[in-house]
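Residue-level structural notes
These are the residues of each chain, in order.
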There are 2 protein chains.
Amino acid sequence: MELWLTEQQTDHVGLACRVKETLFTGKSPYQDIAVVDSAEFGRMLVLDGVFQTSVFDEFVYHEMIAHVPLLTHPNPRQVLVIGGGDGGTIREVVKHPAVVQAEMVEIDGLVVEVSKKYLPEISEALLQENPKVRLKIGDGIQHMKEAQNKYDVIIVDCSDPIGPGEGLFTPEFYQDVYKALKEDGLFVQQTESPFYHQPLLRRLFSDIRDLFPITRTYLASIPLYPGGLHCFTLGSKHYDPLQGEVPVLPFATRYYNRDIHRSCFALPTFIQDLLK
Amino acid sequence: MELWLTEQQTDHVGLACRVKETLFTGKSPYQDIAVVDSAEFGRMLVLDGVFQTSVFDEFVYHEMIAHVPLLTHPNPRQVLVIGGGDGGTIREVVKHPAVVQAEMVEIDGLVVEVSKKYLPEISEALLQENPKVRLKIGDGIQHMKEAQNKYDVIIVDCSDPIGPGEGLFTPEFYQDVYKALKEDGLFVQQTESPFYHQPLLRRLFSDIRDLFPITRTYLASIPLYPGGLHCFTLGSKHYDPLQGEVPVLPFATRYYNRDIHRSCFALPTFIQDLLK
């Protein structure tokens, strides 16, 4: 028997993956959670039927959501990750020597537990009980309301804007992010596919630009995600990723490098036009 | 009844597209040919079950295979396209004011006829009988053997290295390309997915580098193709796309632009390592 799991990427497109084994299925108060071992992508985390991350290509997303902002800020000591329950983002954050504390606020404790059990390569910073890491299971929106002038870098590593991630894509949330950042702080959020989610991307970019003097969208190629191209939008109070020296990375990477640090901000014309 | 057409992108991954209408199916001496109208990508050309191009995203591939080499060469007067039966590449080539003659050698006349009938947006340069265009239905490998010191730019717009395109991925073919180019000529070839076809890409890059003093791989994001990321490899006798002034484009584009002209050569670390 051949098992195929198909993710409905849009109403009219599906990505089908051959599955060798289903390792976990369960239900949290927030979502359906599954881990499957796929033939092409290795182990994959699936939330509400949406492919979240895979052992095959997770390095792209996690390196790009972490290293671009953390190397744009010259001294990121206090870092907050909202979401990111699989642990891949915090794994990259703690590699930066400047980071003193990396807080992580994930709403769904079961995602963390499942990731620690079935995706140890991704969740290693949570498994090792890294002293820089402070994990809180709770509501990122509420956490952000209570924080003030506290963080150098905030990373919003959320799922799609349907379900538990919805409130992380609003102007009210961005205002709280602004307030929670120090006066030279910056934040980044995954902002979906520039091919398939254009109205969303345009709205988010505009909402962030209304608050932050420096707003930039950058790209990364992720085979697992719709269209294979994903974008991230950065809002910064002071530092501009396109200004100054290109930073030197003090550890090995598989996707991000000094060339990518600048080139990921080079947008195809149709995306430039969308964000005008 | 809902119709879905699934392309087997690898042994273990499929891309499924909802199809509104099947417009053409037929068989040439070389391959099975179909044109379907898909809900997400619009009209698509399908050869031997492989999605070749779609109205939705064809601009990425065709702009990137044409404009990068044609704007690397300062005066591309004589241009040859091998393959490219849908006409999209030649449509972009003839936009360049310097181009005096654009020859196109496609082995499968039925692909050209079907594209002219069902994909007029893509095949417009063939429909209009553009005076710069000279179309020959024939074998690109044989054509290349007979040409000497003739072309400024050669574009190898071939299908996958299985089926009629196979002989376009060999050292013998590259030697003929070298010979067919003028002394400052350059060529480019589509070289598949850097995620899924790594041994092939490494071999092609190495074969091209054995002949050409300047060899560079560049990237473009194409949702229809496996992994959403496609690469092209350029072999050049004299001009280096990373040297000199970034050219100004004298017409409008939807993907390619001056930022992309350089940034498309910035390779993620895993691709840099692959091509070392």
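Residues numbered from 1 in each chain as written. Chains lettered and ligands numbered in written order. Predicted model: local features only at pLDDT ≥ 70, side-chain atom pairs only at ≥ 80, totals over all residues. Heavy atoms only, no water.

What follows deals with the relation of the copies chain A and chain B. Structural alignment of chain A on chain B gives an RMSD of 0.0 Å, achieved by rotating through 180° and translating 0.0 Å along the axis. The two molecules are tied by a two-fold rotation axis, judged by turn and shift. Proximity to the rotation axis, assessed at the C-alpha, singles out A:Gly228 in chain A; its C-alpha lies 2.0 Å from the axis. The residues that chain A uses at the interface reappear at the interface of chain B in 100% of cases, marking a shared surface. (Least-squares fit on C-alpha atoms with pLDDT ≥ 70 in both. Contact = heavy atoms within 4.5 Å.)

To continue, consider the UniProt feature "active site" (unreviewed entry) in chain A. Residue and element names in this part refer to chain A. Under the present numbering, the feature "active site" (unreviewed entry) in UniProt falls on Asp-157. With respect to the secondary-structure elements, Asp-157 resides in strand β9 (residues 151-157). The residues contacting Asp-157, other than those within four sequence positions of it, are Tyr-61, Ile-65, Val-81, Ile-82, Gly-83, Gly-84 and Thr-89. (UniProt positions renumbered as here; feature names shortened; annotations may be inferred. Helix = DSSP H or I, 4+ residues; strand = E, 2+ residues; numbered from the N terminus.)

What follows is about helix α6 (residues 171-180) of chain A. Residues and elements named next belong to chain A. Looking at α6, one finds that the buried residues are Phe-173, Tyr-174, Asp-176, Val-177 and Ala-180. Down the axis of α6, the sector holding all buried residues measures 160°, keeping them to one side. Lining the buried residues of α6 we find α5 (140-146), β9, β10 (181-190) and α7 (198-209). (Buried < 20%, exposed > 50% of the residue type's maximum accessible area, 1.4 Å probe, protein only. Arc of directions from axis to C-beta.)

Time to look at the interface of chain A and chain B. Taken together, the contacts link 38 residues of chain A with 38 residues of chain B. For the chain A and chain B pair, buried surface summed over both sides reaches about 3000 Å², with 61% attributable to carbon and sulfur atoms. Interface area lost by chain A to chain B is led by A:His12, A:Glu40 and A:Phe195, which between them contribute 20%. Broken down by secondary-structure element, the contributors of at least two residues to the side of chain A that touches chain B are β1 (3-8), β2 (13-27), α1 (58-72), α8 (258-263) and α9 (269-274) of chain A. Here the side of chain A that touches chain B gets 6 residues from one element, more than from any other, and that element is β2(A). (Buried area = accessible area lost by both parts, 1.4 Å probe.)

With that settled, consider the UniProt feature "binding site: spermidine" (unreviewed entry) in chain A. Residues and elements named next belong to chain A. In this numbering, the UniProt entry assigns the feature "binding site: spermidine" (unreviewed entry) to His-62, Asp-86, Asp-157, Cys-158, Ser-159 and Asp-160. Mapped onto the secondary structure, Cys-158 falls in the loop between β9 and α6. In this structure, Cys-158 is in contact with Tyr-61, Ile-82, Leu-168, Phe-169, Gln-189 and Gln-190, ignoring residues within four places of it in sequence. Turning to its location among the elements, Ser-159 is positioned in the loop between β9 and α6. Excluding residues within four positions of it along the chain, Ser-159 makes contact with Gln-52, Gly-165, Phe-169, Gln-190 and Glu-192.

Residues and elements named next belong to chain B. The mixed open sheet is built from 7 strands, whose spatial order is β8-β7-β6-β9-β10-β12-β11. Both edges of this open sheet fall to β8 (133-137) and β11 (214-221), since each of them pairs with a single strand only. Ignoring which end each strand starts from, the neighbouring axes of this sheet average 15° apart. In this sheet, strand β12 (residues 229-236) lies alongside strand β10 (residues 181-190) in antiparallel orientation, the contact comprising 5 bridges. Bridge assignment links Val-188 to a residue of β12, and that residue is Leu-234. Sheet contacts for helix α6 (residues 171-180): β9 (151-157) and β10; angle to β10, the most-contacted strand, approximately 140°. Along the sheet face, helix α7 (residues 198-209) touches β10, β11 and β12 and points at about 145° away from the line of β11. (Pairing = 2+ DSSP bridges. Axes fitted to C-alpha atoms, helices over the stretch in contact; angles between N-to-C directions.)

The subject of this paragraph is the side chain of A:Asp240. All names here are of chain A. Mapped onto the elements of the fold, Asp-240 is located in the loop between β12 (229-236) and α8. Accessibility expressed as a relative area gives 14% for Asp-240, which makes it buried. Within the local environment of Asp-240, its side chain forms a polar contact with the side chain of Arg-216, the two groups lying 2.7 Å apart. For Asp-240, the contacting residues outside a window of four places in its chain are Thr-72, Ile-214 and Arg-216. (Polar contact = N/O pair within 3.5 Å; in protein donor to acceptor, adjacent residues only side chain to side chain.)

The next subject is helix α3 (residues 109-118) of chain A. All names here are of chain A. The complete set of buried residues in α3 reads Val-111, Val-112, Val-114, Ser-115 and Tyr-118. Packing partners of the buried residues in α3 comprise β2, β3 (32-38), β4 (42-47), β7 (101-106), α4 (124-127) and β8 (133-137). The N-cap residue of α3 is Asp-108: its side-chain oxygen and the backbone nitrogen of Leu-110 are 3.1 Å apart.

Per the stated rule, a full pass over the model turns up 28 aromatic pairs over all chains. On the basis of an interplanar angle of 85° and a centroid distance of 5.6 Å, the ring pair of A:Phe59 and B:Phe270 is categorised as edge-to-face. With A:Phe59 in helix α1 and B:Phe270 in helix α9 (residues 269-274), this pair bridges two chains. Overall, A:Phe59 belongs to the buried group, its relative accessible area being 5%. When its relative accessible area of 13% is taken as the criterion, B:Phe270 is described as buried. Through successive ring pairs, a cluster of aromatic residues spans A:Phe41, A:Phe56, A:Phe59, B:Phe195, B:Tyr196 and B:Phe270. Here B:Arg254 stacks its cationic end above the ring of B:Phe59, 3.9 Å away from the centre of that ring. (Phe/Tyr/Trp six-rings, centres within 6.5 Å; stacked < 30°, edge-to-face > 60°. Lys NZ or Arg CZ within 6 Å of the ring centre and 35° of its normal.)

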